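Take a look at the letters that make up each chain.
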Amino acid sequence: MMHQAILLSVLLGLTSATFVQDCGSAGTIVSAEIEDCELPPCVITRPNNKDVNITFTPGNEVTDLKTKIDAFIGGVHFPWPGPGGCELIVEGSCPLQVGEQYKYHAAMPVLAEYPSLSAVVTWKLVDQDDRDQVCIAFPIDIV
Ligand SMILES: *[C@@H]1O[C@H](CO)[C@@H](O)[C@H](O)[C@H]1NC(C)=O
């Protein structure tokens, strides 16, 4: 309960400026957009496919990138199958250089068979050394 209250206030505090929260990126997030999500939580009907677009500058040279997704539901972490990494860089390409800006574009599929639920999604771009170049978190309500 205590942790949920803290998490909620952290999310609400940061989302007054932007919908997503930076959860410890080694790189710098220039912008992060989840399609049609401007206010928390993001209400998503099923089935759906939402663009996840992140523009960022890496904190170090990146030769390999993976997407890692986690859904935090009712106090439990569920890993969610994620797409690749380098092949989703739509402006620029790997290896990513420090000081350059890159755009990542992925889709977040919400399948018809998913149950309705509330979750906090953590979406990470992890480099060759297991460093979170990008870590964003955002609340969703699947209805
Ligand atoms: C995300 O990026 C893709 C590729 O650049 C673009 O086609 C799409 O419109 C963008 N979506 C949003 C919500 O910005």
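First, a word on what this report is: a plain description of the structure on this page. (Residues numbered from 1 in each chain as written. Predicted model: local features only at pLDDT ≥ 70, side-chain atom pairs only at ≥ 80, totals over all residues. Heavy atoms only, no water.)

1. What about the packing of aromatic side chains?
For any pair of aromatic rings, geometry is given as the distance between the ring centres together with the angle between the planes.
In step 1: Going through the model one piece at a time under the given rule, you end up with two aromatic pairs.
In step 2: Taken together, a centroid distance of 5.9 Å and an interplanar angle of 40 degrees make the contact between F19 and F138 tilted. Of the two residues, F19 is situated in the loop between helix 1 (2-15) and strand 1 (21-22) and F138 in strand 10 (residues 132-142); the sequence distance between them amounts to 119 residues. Here F19 and F138 have matching classes, each one buried.
In step 3: For the ring pair W80 and Y114, a centre distance of 5.9 Å and an interplane angle of 55 degrees mean the geometry is tilted. A residue pair is termed long-range when its members are at least 10 positions apart, and W80 in strand 6 (residues 76-80) and Y114 in the loop between strand 8 (102-110) and strand 9 (117-127) qualify at 34 residues. (Phe/Tyr/Trp six-rings, centres within 6.5 Å; stacked < 30°, edge-to-face > 60°. Helix = DSSP H or I, 4+ residues; strand = E, 2+ residues; numbered from the N terminus. Buried < 20%, exposed > 50% of the residue type's maximum accessible area, 1.4 Å probe, protein only.)

2. Focus: the site of the ligand
In step 1: Around the ligand lies a shell formed by E33, E35, D51, N53, K103 and H105.
In step 2: E33 is positioned with one of its side-chain polar atoms (N or O) 3.4 Å from an oxygen atom of the ligand.
In step 3: The contact in question runs from an oxygen atom of the ligand to an N or O atom on the side chain of K103, over 2.9 Å.
In step 4: Alone, the ligand offers 370 Å² of accessible surface; in the complex the protein occludes 57% of this.
In step 5: Listed by contribution, the elements that provide at least two residues to the shell around the ligand are strand 4 (48-57) and strand 8.
In step 6: When its residues are assigned to classes, the shell around the ligand shows no nonpolar, two polar and four charged. (Near = heavy atom within 4 Å. Polar contact = N/O pair within 3.5 Å; in protein donor to acceptor, adjacent residues only side chain to side chain. Areas by Shrake-Rupley, 256 points an atom, 1.4 Å probe, with all protein chains shown as cover. Nonpolar A, V, L, I, M, F, W, Y, C, P; charged D, E, K, R; others polar.)

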